[in-house]
Amino acid sequence: MSTPSNPVQDRPSEPQIQEAARSAVAQYEGQAGNLLPILHAIQDALGYIPDTAVPTLVEALQLSRAEIHGVIQFYAHFRDQPAAAIVLEVCRAESCQAMGAEHLAQHARQQLGCDFHGSSANGKVTLEPVYCLGLCAQSPAVMIDGKPHARMTPAKLDQLLHAKGYDA
Ligand code: FES
């Protein structure tokens, strides 16, 4: 009997969430503009920013829940749900757009069967937008699991996903 095919990463326990939030707050305590680095630290530790981490930040930073949620929603990098085992980021900034990024994005959506901020039907790949990977001279660009790839085409993207173990 096969195991369920839902490799979306396990969610951390509540003590792990609170530990990550407190640790991030302690790391940047007293620094001006520390909300962004704190959110980055929590996402680096847990893979996403759980809703239950927000009250800890409200108390520590004297900000409202709405302010913190607003920042999480504003920045495409932050996610409030766990990502799949493979994270594909497609650059949607100007230079890549001029070199066919929309076509590439449409191909990725079709292949994965999901939109940006979603995961493929089999739960293996999360699709995210990113806004410039510093590879503008070699557009269009994508990043898979933190590794950038330039001069991307739909066929090359399929090969990269296949090499990562994804098959539609
Ligand atoms: S615009 Fe896509 S890498 Fe810069």
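Caption draft 1: Representation of the sheet that holds strand 2 (residues 118-119) within the structure. Pairing is mixed in the open sheet, where 5 strands are placed in the order 2-3-1-4-5. Looking along the sheet, the strands with just one partner apiece sit at the ends: strand 2 and strand 5 (147-149). Judged from the 3 bridges that link them, strand 4 (residues 142-144) and strand 5 form a sheet pairing that is antiparallel. Across the sheet, the residue bridging to V142 is H149, located in strand 5. Helix-sheet contacts for helix 6 (residues 101-112) involve strand 1 (86-91), strand 3 (125-130) and strand 4, and the interaxial angle to strand 1 is about 155 degrees. Here helix 7 (residues 154-163) sits on the sheet in contact with strand 1, strand 3, strand 4 and strand 5, set at roughly 10 degrees to strand 4.

Caption draft 2: Highlighting the nonpolar core. In terms of nonpolar packing, the biggest core is built from 20 residues, with I38, L39, I42, L57 and I72 touching the most fellow members. Excluding anything up to four places from it in sequence, L57 contacts V25, I38, L39, I42, Q62 and I68. Counting 17 residues, the second largest nonpolar core, distinct from the first, contains F116, L127, V142 and M152.

Caption draft 3: Fine view of helix 3 (residues 54-61). Taken together, the buried positions of helix 3 are V54, T56, L57 and L61. End-on, the buried residues of helix 3 take up no more than an arc of 155 degrees, which puts them together on one face. Where the residues of helix 3 are buried, they touch helix 1 (14-27), helix 2 (35-46) and helix 4 (65-74). Where helix 3 terminates, the next one or two residues include Q62, which has phi positive at roughly 60 degrees.

Caption draft 4: Inspection of the packing of helix 2 against helix 4 at higher detail. As a packed pair, helix 2 and helix 4 sit with axes 11 Å apart at the nearest point and diverge in direction by 65 degrees. With respect to each other, helix 2 and helix 4 are oriented roughly perpendicular. Relative to helix 4, the crossing made by helix 2 is right-handed. Along the contact surface, helix 2 presents L35, L36 and L39, while helix 4 presents I68, V71 and I72. Here the residues of the contact of helix 2 with helix 4 are counted per class, giving 6 nonpolar, no polar and no charged.

Caption draft 5: Examining a nonpolar patch on the surface more closely. Residues L36, F74 and Y75 make up a contiguous nonpolar surface patch of about 310 Å² in total accessible area. For L36, the location among the structural elements is in helix 2. Taking relative accessible area as the criterion, L36 reaches 31% and is therefore assigned partly exposed.

Caption draft 6: Broad picture of the packing of aromatic side chains. Tallied over the entire structure, the rule returns 2 aromatic pairs. Here the aromatic cluster, defined as three or more aromatic residues joined through ring pairs, consists of F74, Y75 and F78.

Caption draft 7: Spotlight on the pairing of strand 3. Among the 6 residues of strand 3, 6 are classified as buried, and the element is accordingly described as predominantly covered. Where strand 1 lies against strand 3, 6 bridges are found, and the strand directions are parallel. Across the sheet, the residue bridging to E89 is E128, located in strand 3. Strand direction decides the pairing type here: strand 2 and strand 3, joined by 2 bridges, are antiparallel. Bridging across to strand 3, G118 finds its partner in L127.

Caption draft 8: The arrangement of the pattern of salt bridges in detail. If you walk through the whole model with that rule in mind, you get 6 salt bridges. E128 is the salt-bridge partner of R79, the closest N and O atoms lying 3.2 Å from each other. Here the residue R79 occupies a position in the loop between helix 4 and strand 1, and E128 occupies one in strand 3, the gap between them amounting to 49 residues. Residue R92 is joined to E102 by a salt bridge in which the shortest nitrogen-to-oxygen separation is 2.4 Å.

About the criteria used
- Residues numbered from 1 in each chain as written.
- Predicted model: local features only at pLDDT ≥ 70, side-chain atom pairs only at ≥ 80, totals over all residues.
- Heavy atoms only, no water.
- Pairing = 2+ DSSP bridges.
- Helix = DSSP H or I, 4+ residues; strand = E, 2+ residues; numbered from the N terminus.
- Contact = heavy atoms within 4.5 Å.
- Axes fitted to C-alpha atoms, helices over the stretch in contact; angles between N-to-C directions.
- Core = buried A, V, L, I, M, F, W, Y, C linked by side-chain atoms within 4.5 Å.
- Buried < 20%, exposed > 50% of the residue type's maximum accessible area, 1.4 Å probe, protein only.
- Arc of directions from axis to C-beta.
- Parallel < 35°, antiparallel > 145°, perpendicular 65-115°, else oblique.
- Left-handed = near helix turned anticlockwise from the far one by under 90°.
- Nonpolar A, V, L, I, M, F, W, Y, C, P; charged D, E, K, R; others polar.
- Patch = residues over 30% accessible without salt bridge, like charges linked within 9 Å, V, L, I, M, F, W, Y side chains within 5 Å.
- Areas by Shrake-Rupley, 256 points an atom, 1.4 Å probe, with all protein chains shown as cover.
- Salt bridge = Lys/Arg side-chain N within 4 Å of Asp/Glu carboxyl O.
- Phe/Tyr/Trp six-rings, centres within 6.5 Å; stacked < 30°, edge-to-face > 60°.

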